[in-house]
Amino acid sequence: MAFRYINPGNGALFNDSAVSTVENNFTYNPNNGISFSKSATSLQADNRIPLAQAFTTDIYAKFNMYVGYNKPQYFYLGAKSTNGASSQTHIYSSCFGVRINNDTVNLLAGKNYDVTGGGILTTNSGLKTKSLNTIQFHIHRGEDAASSFGELSINGTTYTAQFTNDNYQYDFSDEKAFFIQFPTTYGATTFISELIVSNDAISPKEKILALPISSTQSDMTAGNDGIYIANAAAQTLLQTPNVADLITAYGANSSITGIAVVGNPAYKTGEGITTLTGLSKASNVITEHGACALSNDSLSSVMEGWSLNNTTIADLQNMQFGWKVGA
């Protein structure tokens, strides 16, 4: 089953007070005006982002990185491998993903870049300072080294490389998550936005668009400032998007590749309700997606995303998206 993590640049979705959000800055994010960053802490400052499924054969990712005066040092984004993967293993030593350090970008095959067999490819990145950079990668681990490869694109320049017997050693771990290790120095000058992570292909043309709401159906209680309050399991909230402006801007037949529903804030006040499950409704059929655990922190958020096939902007007019409460 295909899943998608979609984040335009909202640091609140990390539930980490050290991850900050910059809003209304269209230099850092020309599309949505929102981006996130994290102050430098240590080499092992991972952020874990939960997913509905673990990666099995493929990881795809695409994001924008605004680089200030100094290029990032020791930035990692990817999934863990079976190379000692556990909650105590940091992503830099167990990564299927990308590593950025100054002018160098590595694609990693489940180990650290400086260990034999760690890297699939290494390139002088061409990252631009005081500018926005677009980075996209795909790693496929096949049945053997010959059928395994990596693809990396930096600001439109694409590199590819095959696995070797040295780096064909580890599988994806069974952890349902991917990880970001923010730069260990100069973190305040690096801002991330338009982040998409998936086990399915991501087009270079994909954009993240916020959907305004035209109507809401819910058996929850409507509170202040758009907050809905649930007091029993199985209560639902479904919202219909307003796509009139999107049709004008992009055309009714433009493809929609994925959806993310966000609860911000989303938290529990007791023990009877513990999860929110993402919902979609089309042709009167409701589909349940992944479940998100709720915390007691009133500042916490949840997000669930999934891929869509053969869906256009016009189709969204007849669809609803939302949440179901679980015990």
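Keep in mind it's a predicted model, so treat the numbers as computed, not measured.

1. Describing the nonpolar core
As a rule of thumb, soluble globular proteins bury nonpolar side chains together.
Working step 1: By size, the foremost hydrophobic cluster in this structure holds 42 residues, and its most contacted members are Tyr5, Leu77, Phe178 and Ile180.
Working step 2: Considering every element that reaches this core, the biggest residue donor is strand S5 (residues 58–67), with 5 residues.
Working step 3: Here phenylalanine 178 is in contact with Tyr5, Asn47, Arg48, Ile49, Leu51, Phe55, Leu77, Gly78, Leu195 and Val197, once residues within four sequence places are set aside.
Working step 4: If you look at the next biggest cluster of nonpolar residues, it comprises 21 residues, including Ile256, Ala266, Leu316 and Met319.

2. Looking at the layout of surface pockets
Working step 1: By volume, the second largest pocket is sized at about 440 Å³.
Working step 2: Lining of the second largest pocket is provided by 24 residues; of these, Pro50, Cys292, Ser301, Val302 and Met303 occupy positions nearest its centre.
Working step 3: Secondary-structure elements contributing two or more residues to the lining of the second largest pocket are strand S1 (4–7), strand S4 (46–50), strand S21 (285–293) and strand S22 (302–307).
Working step 4: Its residues assigned to classes, the lining of the second largest pocket shows 15 nonpolar, 6 polar and 3 charged.

3. So, the confidence of the model for the chain
Working step 1: Put simply, the chain has an average pLDDT of 90, and 95% of its residues get 70 or more.
Working step 2: Taken element by element, the chain is modelled with least confidence in strand S9 (residues 119–124), mean pLDDT 88, and with most confidence in S5, mean pLDDT 97.

4. Thoughts on the sheet that holds S21
Remark on secondary structure: sheet strands pair via backbone hydrogen bonds, oriented parallel or antiparallel.
Working step 1: On the basis of which strands lie adjacent, the open sheet formed by 5 strands has the order S15-S18-S23-S20-S21 and antiparallel pairing. Each end of this open sheet is capped by a strand with a single partner; those strands are strand S15 (213–218) and S21. With direction set aside, neighbouring strand axes in the sheet form an average angle of 20°.
Working step 2: Where strand S20 (residues 275–282) and S21 come together, 7 bridges link them in antiparallel fashion. The residue of S21 that forms the bridge with leucine 279 is glutamate 288.

5. Observations regarding the packing of aromatic side chains
Working step 1: A complete count under the given rule lists 13 aromatic pairs for this structure.
Working step 2: Both rings, one in phenylalanine 14 and one in phenylalanine 182, keep their centres 6.1 Å apart while their planes meet at 65°; by these two values the pair is edge-to-face. Of this pair, phenylalanine 14 sits in the loop between S1 and strand S2 (19–23) while phenylalanine 182 sits in the loop between strand S13 (177–181) and strand S14 (190–198); the two residues are 168 residues apart in sequence, bridging distant segments of the chain. As far as burial versus exposure is concerned, phenylalanine 14 and phenylalanine 182 are alike and both buried.
Working step 3: Pairing phenylalanine 63 with phenylalanine 75 gives two aromatic rings, centres 5.8 Å apart and planes at 45°, and the pair type is tilted. With phenylalanine 63 in strand S5 and phenylalanine 75 in strand S6 (residues 75–80), the pair connects residues that are 12 residues apart, well separated along the chain.

6. Looking at the sheet that holds strand S7 (residues 95–101)
Working step 1: A sheet is described by the order of its strands in space; here 6 strands give the open sequence S4-S13-S6-S7-S8-S9, paired in antiparallel fashion. The open sheet is flanked by S4 and S9, the only strands paired with a single partner. Sheet twist, expressed as the average angle between the axes of neighbouring strands with direction ignored, equals 15°.
Working step 2: Examined bridge by bridge, S6 and S13 share 3 bridges and lie antiparallel to one another. By the bridge assignment for S13, leucine 77 is matched with isoleucine 180.

7. Looking at the environment of serine 307
Working step 1: Along the chain, the position of serine 307 falls in strand S22.
Working step 2: C-alpha separation for the pair serine 307 and aspartate 200, spaced 107 residues apart in sequence, amounts to 8.1 Å.
Working step 3: Those residues within four positions of serine 307 in sequence are excluded, and the remaining contacts are Ala2, Phe3, Arg4, Ser198, Asp200, Thr257 and Gly258.
Working step 4: A polar atom in the side chain of serine 307 sits 3.0 Å from the side chain of arginine 4.

8. Things to note about unusual backbone geometry
Working step 1: With an omega dihedral of 5°, the bond running from asparagine 264 to proline 265 counts as a cis peptide bond.
Working step 2: By the element assignment, proline 265 lies in the loop between strand S19 (258–263) and S20.
Working step 3: Positive phi outside glycine occurs at tyrosine 74, with the angle close to 60°.
Working step 4: Structurally, tyrosine 74 is set in the loop between S5 and S6.
Working step 5: Take tyrosine 74: its relative accessible area is 31%, and that puts it in the partly exposed class.

9. Thoughts on the pattern of salt bridges
Side chains that differ in sign of charge can pair as their charged atoms come close.
Working step 1: Under the criterion given, the structure shown has 8 salt bridges.
Working step 2: Linking lysine 80 and glutamate 175 is a salt bridge whose minimum nitrogen-to-oxygen distance equals 3.9 Å. Taken as a pair, lysine 80 in strand S6 and glutamate 175 in the loop between strand S12 (157–162) and S13 lie far apart in primary sequence, 95 residues in all.
Working step 3: A relative accessible area of 2% means that lysine 80 is categorised as buried.

About the cut-offs
Residues numbered from 1 in each chain as written. Predicted model: local features only at pLDDT ≥ 70, side-chain atom pairs only at ≥ 80, totals over all residues. Heavy atoms only, no water. Core = buried A, V, L, I, M, F, W, Y, C linked by side-chain atoms within 4.5 Å. Buried < 20%, exposed > 50% of the residue type's maximum accessible area, 1.4 Å probe, protein only. Helix = DSSP H or I, 4+ residues; strand = E, 2+ residues; numbered from the N terminus. Contact = heavy atoms within 4.5 Å. 1 Å grid on protein atoms, 1.4 Å probe; cavity = no way out; pocket = protein on both sides within 12 Å on 5 of 7 lines; lining within 4 Å. Points joined across faces, edges and corners; volume = space filled by probe spheres on them. Nonpolar A, V, L, I, M, F, W, Y, C, P; charged D, E, K, R; others polar. pLDDT = per-residue confidence, 0-100. Pairing = 2+ DSSP bridges. Axes fitted to C-alpha atoms, helices over the stretch in contact; angles between N-to-C directions. Phe/Tyr/Trp six-rings, centres within 6.5 Å; stacked < 30°, edge-to-face > 60°. Polar contact = N/O pair within 3.5 Å; in protein donor to acceptor, adjacent residues only side chain to side chain. Salt bridge = Lys/Arg side-chain N within 4 Å of Asp/Glu carboxyl O.

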